[in-house]
Amino acid sequence: MTLFIQNDAVGAGAGTVQPELAMANLTVIANLDTGIGLAPAAGNLQQVTYARTDPGIPPTRLDALVNTNFAVNPAGIDIIVLAVGPNFTLRDGTLITTVGGTALAPAGTTGPGAPLNGTASCLVIYDTSDKGGEGYCLARAGSGGTLDLRLSLPVMAYHELSHAFRIVTGAVRQLTFTCNPSSPEERAAITDENDMRSQLAAINGEPVVLRDPGNHCGRSCGGGGNGNCCIVASVSSGSPLSVEVAELRRLRDQFLRRSEVGHAFFDSLHYAYYGFSPQVVGVMATDLGVRATALHGFVRPLIRILHLIRDHAIDGLDPDELGRRCVDALGDPAETSAARSALVRALAIIRDRDATGLSPAEQTVADLLAGRAVPDPHVSWGLIEPVRLYHLLLRLVRTGVPSADVGRWFADAVDDWAGNLPIDACWGAFDLVTARRELDVLESTLLRDPRPRKVFLRRLAERHPTATALTTAVAERSAANGRDATGRNANGRNSGAGRSEGVST
Amino acid sequence: MTHSESEPSVGGEQEPRLEARMAGISRRTGAIELAVELSNPSPDRAVHYISDLRAIVFDDATGRFLVRLTDEGRELIPSTTGALPRFAQVDPASTAVLSLRLPEEIVRMRVPEIPTAEVELERHELGPDAEIEVVIGWSDTPFYPDTRGRRSSAPSSAVEWEKGQARLVIPGGEGG
């Protein structure tokens, strides 16, 4: 009896630990070996069992953890795995999201973390929220310390189990407060972690990318990176490795462009998104109709419209070329009527929870979205409004309007949308250099046109009237924008007539 | 009423320091949004500060929550030393607004005098009546992880880097 999973917790009740995720991660560590299992629950603990058939390094180490009596606990419960949410704290107040995971020596021993441990077992604790969707980024081997290597849950669990192994065998090496160079204990855990990274790469058919054992530093990925993404798209398309998910990830990262504002936007978007998407995914798991509607009526339209928005906002295409691309993308007569009806149905679910004819599963999703998605400005602006725009554009294209007119209408509609980019709190904390740089980024992308730029600057000034640096930067840009707007109007840019609100197609 | 305290500075009013006051608080599902106005009175030096949550300590005796944007007091345990804080700065003679998103409740592991067989957790709600103190670590130099390890005199952790702490107390009943 050695390795256990905590499946509930005394005093806090259900929902505070995620035993199913812990078991899923151990199964990945076992390289999907069917010999791994769980004994019946005893109290709030379930013992992990493992009759290993896989010869790999991580399965072999897991085998040792599961099938060795380390005798650190008289009751035989040597190690307990605790998969927790983002609001978990250690006794000293440390939020699990600031560390990712840890391993604590049994209470009453002299091992690391023993004063923070309430049990006589070694505890392996890790965050299952992926830092609230932001992700943990670590030093990639051979990069000179670049912190861009994403940490996945199985790898995190394996890293902490490596510490746990040395704790229960009395072999813990020196720990220091320095992350670069790594302490001897962290170097050993990272070296083990890389075995797990190699195994995962083989499972996924991807190149092996290792972590630098000499550098234990890490930081938030800030909503970017190449890690977890888009769980609705993952489930509706059938795989986190699908074309749709890869496309969304690529578009997200193109728009993110490593700016502070981009990071903050996705930080807020992820926070809101993960407040309802797991429940939506739960409905999709049992209802194929909702899954199909999500894919054809939401995920694919979102990808198409974000491509077109990029063509206008990032690449700056002229209206004629933009219109041609719109017609090419949306005018495909081969598109099935089922896909079009999925779009209408998706919009009904998103925007009208009282719509008639919704199935019970669709009604559940509609209620979730009405309560948690639609009211959130980041979800509304980043996910819902683009799909609504897609619907309007589709109707326009299908009326046979000349492509140049389609392009002009779409450019104006995107500009209207861009000016309403949610203003995150990070703007208020910027110093002058950062504020100027962030405005530069926006003015070269989403806010190329003076009209949305003016709207955005006004909203920015209203939101943060006391932030000194931002006030200065906004005043500079507003003055420049006035001059620029005069010039742009003289060049014949649309002045507002016939914009998206006025379209009736 | 809220009030702010800062560590006493050696050189008087012109020395860089960080002053904090509450600019707003609101609640939405699962989270508390707290806006903190940060001021740097120094005319010529920026102040750098830790801008993300590091710990939330619940004081059983007083029911008070200590929201810490500092690594001071953190135990040396596996895996925790590598996760660096985020940093931001306030320009000389300037004011910035830092937004913090706090969970509406924390789940904390109990550490009883006699070790238990199972993990015991307890929930603590940061309700509208809870008193909250925010502590923000700052310095007048930016933090760079020292790549030379312990051989140099540069700070090797955010704890060593810190020169002072700005404090802000939100009394019970003003929690949004």
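Structural notes on the overall build of chain A
Scanning chain A from terminus to terminus reveals 17 helices and 10 strands. Here chain A, with 505 residues, has 51% of them falling under the buried criterion. Partitioning the contacts of chain A with sequence separation of at least 6, the portion at a separation of at least 24 is 71%.

Quick word on the overall build of chain B
Of the regular secondary structure elements, chain B holds 1 helix and 12 strands. Helices and strands appear in chain B in the N-to-C order β-β-β-β-β-β-β-β-β-β-β-α-β. By the burial criterion, 43% of the 176 residues in chain B qualify as buried. Intrachain contacts of chain B at a sequence separation of at least 6 include 71% that bridge at least 24 residues.

Side note on the sheet that holds strand β3 (residues 45–50) of chain A
Residue and element names in this part refer to chain A. Sheet architecture is open: 6 strands sit in the order β2-β3-β1-β4-β7-β6, paired in mixed fashion. Each edge of the sheet is formed by a strand with only one pairing partner; in this case those strands are β2 (36–38) and β6 (101–104). Averaged over all neighbouring strand pairs, the angle between strand axes comes to 25 degrees, with direction disregarded. Judged from the 6 bridges that link them, strand β4 (residues 79–84) and strand β7 (residues 122–127) form a sheet pairing that is parallel. Opposite alanine 83, over in β7, you have tyrosine 126 as the bridge partner. This element, helix α3 (residues 153–168), spans β4, β6 and β7 of the sheet and lies at about 165 degrees to β7.

With respect to the interface of chain B and chain A
A common way to express how large an interface is: the accessible area buried when the components associate. With 60 residues of chain B at the interface, the matching set in chain A holds 68 residues. Residue assignment for the side of chain B that touches chain A shows that the elements contributing at least two residues are β3 (31–40), β5 (55–58), β6 (65–69), β7 (87–90), β8 (94–103), β9 (105–109) and β10 (121–125) of chain B. Considered class by class, the residues forming the side of chain B that touches chain A number 28 nonpolar, 17 polar and 15 charged. The sheet contact formed by strand β5 (residues 88–89) of chain A and β9(B) spans 2 bridges and is parallel. Among the inter-strand pairings, A:Thr89 is bridged to a residue of β9(B), identified as B:Arg108.

Overview of the sheet that holds β8(B)
Strand pairing in a sheet relies on backbone hydrogen bonds, with the paired strands running either antiparallel or parallel. Residue and element names in this part refer to chain B. Reading across from one edge, β2-β3-β8 is the order of the 3 strands in this open sheet, with antiparallel pairing throughout. Each edge of the open sheet carries a strand with a single partner, namely β2 (19–28) and β8. For this sheet, the mean angle separating the axes of adjacent strands, direction not counted, is 20 degrees. With 9 bridges connecting them, β2 and β3 associate as antiparallel partners. Along β3, the bridge assignment pairs arginine 21 with glutamate 37.

Some details on the nonpolar core
Ranked by internal contacts, the top residues of the largest apolar core, which has 178 residues, are A:Ile79, A:Leu82, A:Cys122, A:Val124, A:Phe410 and B:Ile136. By residue number, the principal contributor to this core is helix α9 (residues 288–313) of chain A, which donates 12 residues. What A:Ile79 contacts, discounting residues up to four positions off in sequence, is A:Thr2, A:Leu3, A:Phe4, A:Leu65, A:Ser121, A:Cys122, A:Val124, A:Ala164 and A:Val168.

Quick notes on the confidence of the model for chain B
All names here are of chain B. Looking at chain B as a whole, its pLDDT mean stands at 82, while 82% of the residues score no less than 70. Scored below 50 in pLDDT, residues 1–5 makes 16 contacts in the model with residues more than four places away or belonging to other chains. Predicted confidence is poor over residues 148–154, with pLDDT under 50, and the contacts of this stretch with residues over four places away or in other chains come to 6 contacts. Interface confidence for the predicted complex, expressed as ipTM, amounts to 0.86; the pTM equals 0.66.

Focus: α9(A)
All names here are of chain A. With 26 residues, α9 extends 36 Å from end C-alpha to end C-alpha; this agrees with the ideal 38 Å at 1.5 Å per step. Of all bends in α9, the biggest is about 30 degrees, found at leucine 295. Within α9, 20 of the 26 residues are buried, which leaves the element mostly enclosed by the surrounding structure.

Quick word on the packing of α9(A) against helix α13 (residues 377–398) of chain A
Residue and element names in this part refer to chain A. Two elements in contact, α9 and α13, have axes whose closest approach is 9 Å; the angle formed by their N-to-C orientations is 85 degrees. Considering the angle they form, α9 stands roughly perpendicular to α13. Within the contact between the two elements, α9 uses Phe298, Pro301, Leu302, Arg304, Ile305, Leu306 and Ile309 and α13 uses Leu383, Pro386, Val387, Leu389 and Tyr390. Of the residues that constitute the contact of α9 with α13, the class distribution is 11 nonpolar, no polar and 1 charged.

A short note on the confidence of the model for chain A
Residues and elements named next belong to chain A. Looking at chain A, the pLDDT average stands at 84 and 87% of residues meet or exceed 70. Across chain A, helix α2 (residues 57–67) holds the top mean pLDDT of 97, while helix α5 (residues 231–237) sits lowest at 68. pLDDT under 50 marks residues 223–228. Its contacts with residues more than four places away, or in other chains, come to 23 contacts. Here residues 487–505 is modelled with pLDDT under 50, and outside its nearest four sequence neighbours on either side it reaches 22 contacts, counting other chains as well.

Details of unusual backbone geometry
All names here are of chain A. In this structure, proline 181 follows asparagine 180 across a cis peptide bond, with omega equal to 10 degrees. With respect to the helices, strands and loops of the structure, proline 181 is situated in the loop between α3 and α4 (184–204). Of note, the phi angle at leucine 32 is positive, near 60 degrees, even though the residue is not glycine. Secondary-structure assignment places leucine 32 in the loop between α1 (19–29) and β2. For aspartate 130, which is not glycine, the phi torsion reads 55 degrees and is therefore positive. Mapped onto the secondary structure, aspartate 130 falls in the loop between β7 and β8 (136–139). Residue classification places aspartate 130 among the buried residues on the basis of 22 C-beta atoms within 10 Å.

Here we look at the environment of B:Ala55
Here B:Ala55 lies in strand β5. Put simply, B:Ala55 and B:Arg74 are 19 residues apart on the chain and 8.9 Å apart in space, counted from C-alpha to C-alpha. With residues near it in sequence (within four places) discarded, B:Ala55 still touches A:Thr89, A:Asp92, A:Gly93, A:Thr94, A:Leu95 and B:Arg68.

Quick look at the environment of A:Glu476
In this fold, A:Glu476 is placed in helix α17 (residues 468–490). Taking the C-alpha atoms as reference, A:Glu476 lies 9.2 Å from A:Arg436; in sequence the two are 40 residues apart.

Here we look at the packing of α9(A) against helix α10 (residues 319–330) of chain A
Between two packed helices, the angle of one axis relative to the other and the distance separating the axes together describe the packing. Residue and element names in this part refer to chain A. Following both chains from N to C, one finds α9 and α10 inclined at 170 degrees, their axes separated by 10 Å at the closest point. The orientation of α9 relative to α10 falls into the category roughly antiparallel. In this structure, α9 uses Arg304, Leu308, Asp311 and His312 to contact α10, whose residues at the interface are Leu322, Arg325, Cys326 and Ala329. Among the residues making up the contact of α9 with α10, the classes are represented as 4 nonpolar, 1 polar and 3 charged.

Focus on helix α15 (residues 432–443) of chain A
Residues and elements named next belong to chain A. Taking 1.5 Å as the rise per residue, α15 with 12 residues should run 16 Å; its terminal C-alpha atoms sit 16 Å apart, in good agreement. What α15 keeps buried is the set Thr434, Ala435, Glu438, Leu439 and Leu442. Angularly, the buried residues of α15 cover 130 degrees about the axis, an arc narrow enough to put them on a single face.

Calculation rules
- Sequence order sets the numbering: in each chain, residues are counted from 1 along the sequence as written.
- Chain letters start at A and ligand numbers start at 1, both assigned in the order the entries are written.
- Selection of residues for local features in this predicted model requires a pLDDT of at least 70, selection of side-chain atom pairs for listing and counting requires 80 or more, and totals for whole chains, interfaces and linings are taken over all residues.
- Strands are runs of DSSP state E lasting at least 2 residues, helices are runs of H or I lasting at least 4, and numbering of each runs from the N terminus.
- Buried, partly exposed and exposed are defined by the number of other C-beta atoms within 10 Å of a residue's own C-beta, namely 20 or more, between the two limits, and 12 or fewer respectively, with C-beta atoms placed from the backbone.
- What counts as a contact here is a pair of residues whose C-beta atoms, placed from the backbone, lie within 7 Å.
- DSSP calls a pair of strands paired once it identifies at least 2 bridges connecting them.
- Axis lines are fitted to C-alpha atoms, over the contacting stretch for helices. Their N-to-C directions set the angle, which ranges from 0 to 180 degrees.
- Residue polarity is assigned by list, with Asp, Glu, Lys and Arg as charged and Ala, Val, Leu, Ile, Met, Phe, Trp, Tyr, Cys and Pro as nonpolar; anything else, Gly included, falls into the polar class.
- Nonpolar cores are built from buried Ala, Val, Leu, Ile, Met, Phe, Trp, Tyr and Cys residues. These are joined into a set through C-beta atoms within 7 Å.
- Values of pLDDT, the confidence the predictor places in each residue, fall between 0 and 100.
- Working rule for helices: expected span equals 1.5 Å times residues minus one.
- In this analysis the local bend is the angle between axes fitted, respectively, to the seven residues ending at and the seven residues starting at the residue.
- In this scheme, roughly parallel covers angles under 35 degrees and roughly antiparallel covers those over 145, while 65 to 115 is roughly perpendicular and the rest are oblique.
- Read the arc as the range of directions from the helix axis to the C-beta atoms.

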